[in-house]
Amino acid sequence: MNLLRSRLVQAALILIVSYLIFQFAIRPPAPFSVLSLYMGIVLLAVLVYVSSDSDSWRAFLRPMHATLVDPGKRALRLALMIVIPLLLGYYAYTQAAAKPQAPPELRAVHPAPPDTIQFRGKDFKIAGGDNPLRKDAAAIPKHVAAGGEIYVRNCMYCHGDNLDGKGHFAHGFNPPPANFQDPGTIAMLQEAFLFWRIAKGGPGLPKEATPWNSVMPAWEDRLTEEQIWQVIMYLYDATGQQPRRWETAHGAH
Amino acid sequence: MARTSAGRATRRAHLLRCLLGPLPAAYSEYAAVGPSSAPRIWTLLVALFRARVGLHALGVSLIIGVVFAPSEGSAQAGDANAGKAVYERKCAMCHGVKGDGKGAGAELLDPKPRDFTSGVYKIRTTANKTPSDQDLFRIITAGMPGTSMPPWDVLPEKERWNLVAYIKTFAADKFKEAPKKLELPKEVSSSEASIKRGKEMYEAIECHKCHGNLGRADGPSRPELKDDWGHPIAPANLTKRWTFRGGASRTEIATRIANGVLGTPMPSFIDSVEKPEDVWHLTNYILSLGPESPAYATLVTVNGTTDAIPDDPNAEFWKKAAPNTIPLMGQVIVDPRNFNPIIDLVIVRGAYNDKEIAFHLTWDDPSQTTAEGRADAPGAAKKIAADAIALQFPSKIVPGTERPYFLMGDATDSVYLLRWEGGKAGEVSASGPTKLKTLEGGEVVSKTVYENGQYRVVIKRPLAGKGEERPTFQPSTFVPVAFQAWDGGAGETGTRMSLTSWYYLRLEPPQSNRRFVVPPVVALLTLVAMLLVVRAASRGRGR
């Protein structure tokens with residue numbers, strides 16, 4: 001295949017194939033900023049590859065140069081001269097006519113937890129902390145049942161009957177309530193992290209997590225320490241997720 | 001025959017949409033990226049590419065859709081024993097382990113969860129009191145809009161049929177009588193004449209007694225309505241079709257009119273209408289009362305004008321202004337909480353000129369109440385307060401994303417409330433939901449209209465804010481805004497309110513012609529640049 005030997009075609013193919021891989025083979029999908037970073041790196045690599053020696057570089061440039069000057073490619077040249085300005089003009093139109101969008105709200109979804117918090121006037125260890133109610137395995141079903149009742153009377157309105165973040169009030173709030181069925185939420189967090197989030201709610205978030213806009217109440221005003229641990233146990237039980245453990249280096253001391 | 005050709009036409013329309021759809025979608029995608037720092041051309045390429053890939057995906061799904069049409073719809077015999085396990089995990093929290101509607105969550109819910117031991121079901125497509133299995137399956141699958149029953153389509157179909165079998169066991173004797181299918185009269189399509197006839201029937205069979213003259217659930221009987229269990233029950237707001245318990249399709253609405261909603265004051269009307277097909281005229285009238293679904297805004301736009309802004313909420317000016325529909329939710333952070341808010345949306349329109357800014361708010365409230373009490377029943381024994389609504393802004397509008405706490409600010413950052421209460425607007429500074437301070441000496445004016453269960457209010461103030469506690473509005477900036485509302489007639493006051501978190505509001509300068517000037521310039525410049533490149537390249541070769 002002569003076409004495949006062409007440096008330009010090769011470069012284009014590499015770009016397309018890597019784009020397809022980044023876009024469709026990575027799960028969960030990478031955000032746009034990461035994608036463009038990867039593609040930038042690939043583009044650089046391709047440029048290094050085609051310019052590795054001067055023959056290759058000339059071969060890469062030849063088809064482009066030919067399009068610009070060859071008398072035989074006049075029709076193509078003309079077509080490009082019409083199509084590209086039109087495309088850019090249309091692009092400019094969509095930009096100029098675009099309705100303003102609300103500015104994006106960048107926020108840290110799972111901000112780093114503090115080492116300790118104040119819970120109803122006493123120091124409470126978060127980093128490395130574990131759920132004390134799990135020690136007595138026989139009592140776990142009782143705690144889960146109690147947690148379920150707390151959930152349905154307090155949390156369900158936003159986080160949903162099915163714990164999927166689709167409660168009564170979910171569609172009215174931004175940021176949306178957490179979806180506990182999503183493996184990206186409680187499954188990658190420690191129980192003590194959840195304790196912090198439940199106890200301190202939106203107002204207890206650090207600035208990078210936009211505390212002014214989270215509608216999550218600070219439940220320390222309403223629930224006891226035991227009740228918070230119980231509702232945490234219910235979340236894991238009802239979704240079938242496992243809490244993340246603290247790294248051993250942390251848990252050792 | 002007609003049916004197949006109609007089917008083919010819709011399929012063709014669908015195909016066409018699939019083929020043509022992705023391209024504009026691609027453009028809007030990169031347009032949405034907007035003024036970000038991402039390289040725009042790259043965005044364009046990616047978007048175009050995605051559109052093409054999307055096209056293939058759509059094509060494939062189209063084929064799959066045709067070959068493996070979903071088999072849902074045909075009733076299956078469920079296994080009640082298997083259903084019990086699912087029930088106890090997913091349903092018992094509200095409906096109770098015994099099926100009596102007394103689960104742990106029931107207390108706070110309104111409407112209450114169904115008591116399965118009664119065997120009474122609201123939504124039936126049957127002519128007698130027994131719902132069909134298909135009816136029960138549909139409710140489990142689609143949920144009941146406007147209530148706490150969510151759609152359980154996340155459960156496998158088999159499990160939903162098992163649930164149907166299980167919940168029937170709570171009142172087995174009620175299912176002894178076989179369901180008898182309700183035959184609806186021949187369908188009448190919508191037309192002006194049909195809607196007119198529907199409106200006549202609406203009055204003739206006294207729908208307005210509960211549902212109100214324009215369907216806004218404000219009829220005079222509303223306060224006395226109770227369900228079979230003695231709980232107060234609100235009539236449906238017919239202008240909000242998306243909250244209809246049994247679905248909002250033509251057939252579903254006609255069925256509700258024909259056989260009623262069991263266990264509620266909504267009776268069967270198939271024998272009360274003059275002719276059976278009046279059921280369809282009524283349906284067409286109801287469908288004409290409101291939109292199919294609310295188009296919720298993500299940004300509140302306030303348009304600039306060079307004219308004076310009218311105070312009258314019914315002025316033609318406001319009918320032309322673009323509506324921004326905002327959903328309101330219950331306040332469940334501070335005691336007393338409000339799990340079942342009455343006001344669920346407000347439509348906001350805005351305008352400004354070089355001197356003042358005005359907001360036009362529209363919301364449904366079934367009873368007008370002022371500080372003195374209910375307008376229609378003075379001295380009513382029920383605990384009531386004045387109806388109220390508020391627009392909330394930061395006391396000081398600063399650049400950046402940081403804002404006061406959305407729930408009326410806190411001790412460190414206060415908010416400014418443009419607050420209307422019982423017919424009069426004023427200004428309030430708040431540093432917490434219970435820490436309110438009325439601001440004196442403002443220049444706020446307002447005008448209120450209350451008609452057929454709906455408030456329309458215009459609130460106006462100068463663009464520039466006097467003093468530290470009033471924000472100044474500037475064109476082309478994003479201003480944080482939030483909303484709160486109280487139905488005083490339902491006892492909502494203080495922290496018992498509906499609210500939103502922060503939105504953005506933008507004062508849009510009067511439409512400029514920039515969008516017609518910039519694109520040709522861009523195209524021309526590109527062409528010139530390309531010509532220069534070609535010329536440079538041919539010179540280079542000539543050398």
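Please read these numbers as outputs of a predicted model, since none were measured by experiment. (Residues numbered from 1 in each chain as written. Chains lettered and ligands numbered in written order. Predicted model: local features only at pLDDT ≥ 70, side-chain atom pairs only at ≥ 80, totals over all residues. Heavy atoms only, no water.)

1. Brief notes about the overall build of chain A
Part 1 of the argument: When you go through chain A residue by residue, the secondary structure sums to 9 helices and 2 strands.
Part 2 of the argument: Taken from N to C terminus, the helices and strands of chain A fall in the order α-α-α-α-α-β-β-α-α-α-α.
Part 3 of the argument: Based on the C-alpha atoms only, the size of chain A along its principal axes is roughly 85 × 45 × 30 Å.
Part 4 of the argument: Going through the 253 residues of chain A one by one, you find that 42% of them count as buried. (Helix = DSSP H or I, 4+ residues; strand = E, 2+ residues; numbered from the N terminus. Buried < 20%, exposed > 50% of the residue type's maximum accessible area, 1.4 Å probe, protein only.)

2. Brief notes about the pattern of salt bridges
Residues and elements named next belong to chain B.
Part 1 of the argument: Following the criterion strictly, the structure yields 26 salt bridges over all chains and no others.
Part 2 of the argument: Notably, a salt bridge pairs glutamate 200 with arginine 197, separated by 4.0 Å at the nearest N-O pair. Of this pair, glutamate 200 and arginine 197 both sit in helix H8 (residues 192-204), 3 residues apart, roughly one helical turn.
Part 3 of the argument: For glutamate 200, a relative accessible area of 40% puts it in the partly exposed group. (Salt bridge = Lys/Arg side-chain N within 4 Å of Asp/Glu carboxyl O.)

3. With respect to helix H8 (residues 225-239) of chain A
Part 1 of the argument: Taking 1.5 Å of rise per residue, 15 residues should cover 21 Å, and H8 of chain A covers 22 Å from first to last C-alpha, within 8% of that figure.
Part 2 of the argument: Of all 15 residues making up H8 of chain A, 11 are buried, and the element is well covered by its neighbours.
Part 3 of the argument: Here H8 of chain A has its buried residues at Ile228, Trp229, Gln230, Val231, Ile232, Met233, Tyr234, Leu235, Tyr236, Ala238 and Thr239 of chain A.
Part 4 of the argument: Tucked inside the fold, the buried residues of H8 of chain A contact strand S1 (116-119), strand S2 (122-125), helix H6 (140-159) and helix H7 (191-200) of chain A together with helix H4 (80-90) and helix H5 (92-95) of chain B. (Expected span 1.5 Å × (residues − 1). Contact = heavy atoms within 4.5 Å.)

4. So, the nonpolar core
Part 1 of the argument: Core analysis: the largest hydrophobic core is formed by 62 residues, its most contacted members being Tyr151, Phe195, Ile228, Ile232 and Leu235 of chain A together with Phe406 of chain B.
Part 2 of the argument: Broken down by secondary-structure element, the contributors of at least two residues to this core are S1, H6, H7 and H8 of chain A together with strand S8 (388-394), strand S9 (415-421), strand S10 (424-430) and strand S14 (478-486) of chain B.
Part 3 of the argument: The element contributing the most residues to this core is H8 of chain A, with 9 residues.
Part 4 of the argument: One finds Ile326, Tyr352, Ala425 and Val444 of chain B within the second-largest nonpolar core, a separate group that totals 34 residues. (Core = buried A, V, L, I, M, F, W, Y, C linked by side-chain atoms within 4.5 Å.)

5. Let's talk about the environment of glutamine 392 of chain B
Residues and elements named next belong to chain B.
Part 1 of the argument: Its location among the elements puts glutamine 392 in strand S8.
Part 2 of the argument: Accessibility expressed as a relative area gives 0% for glutamine 392, which makes it buried.
Part 3 of the argument: A C-alpha to C-alpha distance of 46 Å links glutamine 392 and leucine 525, two positions 133 residues apart in sequence.
Part 4 of the argument: When near neighbours in sequence (up to four residues on either side) are disregarded, glutamine 392 contacts Tyr405, Phe406, Met408, Val415, Tyr416, Leu417, Pro480, Val481, Ala482, Gln484 and Trp502.
Part 5 of the argument: A distance of 2.6 Å separates the side chain of glutamine 392 from the side chain of glutamine 484, its partner in a polar contact. (Polar contact = N/O pair within 3.5 Å; in protein donor to acceptor, adjacent residues only side chain to side chain.)

6. As for the domain arrangement of chain B
Part 1 of the argument: In terms of domains, chain B is made up of domain 1 (2-67), domain 2 (80-175), domain 3 (192-287), domain 4 (299-508) and domain 5 (518-543).
Part 2 of the argument: Just the C-alpha atoms count here: the centres of domain 2 of chain B and domain 4 of chain B sit 39 Å apart. (Domains from an automatic or database assignment.)

7. Details of H7 of chain A
Residue and element names in this part refer to chain A.
Part 1 of the argument: Across the 10 residues of H7, 10 count as buried, placing the element largely inside the fold.
Part 2 of the argument: Among the residues of H7, those classed as buried are Glu191, Ala192, Phe193, Leu194, Phe195, Trp196, Arg197, Ile198, Ala199 and Lys200.
Part 3 of the argument: Considering only its buried residues, H7 is in contact with S1, S2 and H8.
Part 4 of the argument: A positive phi of about 55 degrees marks glycine 201, the residue just after H7.

8. Let's talk about the interface of chain B and chain A
Part 1 of the argument: Facing the 71 residues of chain B at the interface are 62 residues of chain A.
Part 2 of the argument: Together, the buried faces of chain B and chain A total about 6,000 Å²; carbon and sulfur atoms form 67% of this surface.
Part 3 of the argument: Summed over the shared surface of chain B and chain A, the result is 3 salt bridges.
Part 4 of the argument: Across the pair aspartate 237 of chain A and arginine 89 of chain B runs a salt bridge, and its minimum N-O distance is 3.8 Å.
Part 5 of the argument: Applying the counting rule to chain B against chain A returns 11 residue pairs in polar contact (both at pLDDT 80 or more).
Part 6 of the argument: Secondary structure elements with two or more residues in the side of chain B that touches chain A: helix H2 (22-33), helix H3 (40-67), H4, H5, strand S3 (329-330), strand S16 (503-508) and helix H13 (514-542) of chain B.
Part 7 of the argument: Examining the composition of the side of chain B that touches chain A, we find that 16 residues originate from one element, H13 of chain B, more than from any other.
Part 8 of the argument: Looking at the side of chain B that touches chain A residue by residue, the classes come out as 46 nonpolar, 12 polar and 13 charged. (Buried area = accessible area lost by both parts, 1.4 Å probe. Nonpolar A, V, L, I, M, F, W, Y, C, P; charged D, E, K, R; others polar.)

9. What about the packing of aromatic side chains?
All names here are of chain B.
Part 1 of the argument: In the structure shown here, the tally under the stated rule is 30 aromatic pairs over all chains.
Part 2 of the argument: Where tryptophan 363 meets tryptophan 420, the ring centres are 5.3 Å apart and the plane angle is 80 degrees; that geometry is what we call edge-to-face. Remark: tryptophan 420 occurs in strand S9 and tryptophan 363 occurs in strand S5 (residues 356-364); sequence separation between them is 57 residues. There is no split in this pair, since tryptophan 363 and tryptophan 420 are both buried.
Part 3 of the argument: Relative to tyrosine 504, the ring of phenylalanine 478 has its centre 5.8 Å away and its plane inclined at 70 degrees; by these criteria the two rings are edge-to-face. Placement of phenylalanine 478 in strand S14 and of tyrosine 504 in strand S16 is noted, with a sequence separation of 26 residues between them. (Phe/Tyr/Trp six-rings, centres within 6.5 Å; stacked < 30°, edge-to-face > 60°.)

10. Let's talk about the side chain of glutamate 492 of chain B
Residues and elements named next belong to chain B.
Part 1 of the argument: Relative to the helices and strands, glutamate 492 is located in the loop between S14 and strand S15 (498-499).
Part 2 of the argument: Buried charged residue glutamate 492 carries no salt bridge. Nearest counter-charge: arginine 496, at 5.4 Å.
Part 3 of the argument: Here the side chain of glutamate 492 touches aspartate 487 through a polar contact of 2.8 Å, landing on its backbone nitrogen.
Part 4 of the argument: Beyond its immediate sequence surroundings of up to four residues, glutamate 492 is in contact with Asn338, Asn340, Pro341, Ile342, Ala385, Ala485, Trp486, Asp487 and Ser498. (Lys, Arg positive; Asp, Glu negative; His and termini not counted.)

11. Observations concerning the domain arrangement of chain A
Part 1 of the argument: If you check the domain split of chain A, you get domain 1 (2-69) and domain 2 (116-251).
Part 2 of the argument: Using only C-alpha atoms to locate each centre, domain 1 of chain A and domain 2 of chain A end up separated by 46 Å.

12. Some words on the side chain of threonine 210 of chain A
Part 1 of the argument: Mapped onto the fold, threonine 210 of chain A is located in the loop between H7 and H8.
Part 2 of the argument: Beyond its immediate sequence surroundings of up to four residues, threonine 210 of chain A is in contact with Glu105, Leu106 and Arg107 of chain A.

13. Focus on the packing of helix H2 (residues 7-25) of chain A against helix H4 (residues 54-69) of chain A
Residues and elements named next belong to chain A.
Part 1 of the argument: Packing of H2 against H4 brings their axes to within 7 Å, and their N-to-C directions diverge by 90 degrees. Relative to H4, the element H2 lies roughly perpendicular. Taking contact as the criterion, the partners of Arg7, Leu8 and Ala11 in H2 are, on H4, Ser56, Ala59, Phe60, Pro63 and Met64.
Part 2 of the argument: Along the lines of polarity and charge, the residues of the contact of H2 with H4 split into 6 nonpolar, 1 polar and 1 charged. (Axes fitted to C-alpha atoms, helices over the stretch in contact; angles between N-to-C directions. Parallel < 35°, antiparallel > 145°, perpendicular 65-115°, else oblique.)

14. What about the state of the cysteines?
Residues and elements named next belong to chain B.
Part 1 of the argument: Per the counting criterion, the structure on display carries 0 disulfides over all chains.
Part 2 of the argument: Free cysteine: cysteine 94, not disulfide-bonded; nearest cysteine sulfur from cysteine 91 at 9.1 Å.
Part 3 of the argument: Residue cysteine 207 stays outside any disulfide, its sulfur separated by 9.0 Å from that of cysteine 210, the closest cysteine. (Disulfide = S-S within 2.5 Å.)

15. Some remarks on the pairing of S10 of chain B
All names here are of chain B.
Part 1 of the argument: Within S10, 5 of the 7 residues are buried, which leaves it mostly tucked inside the rest of the structure.
Part 2 of the argument: Pairing of S9 with S10 involves 7 bridges; the strand directions are antiparallel. By the bridge assignment, arginine 419 is partnered in S10 with glycine 426.
Part 3 of the argument: Pairing between S10 and strand S11 (residues 436-439): 4 bridges, direction antiparallel. Looking at S11, one finds that valine 428 is bridged to threonine 438.
Part 4 of the argument: Following S10, the chain reverses through 5 residues before pairing antiparallel with S11; glycine 432 in that reversal takes a positive phi of roughly 135 degrees. (Pairing = 2+ DSSP bridges.)

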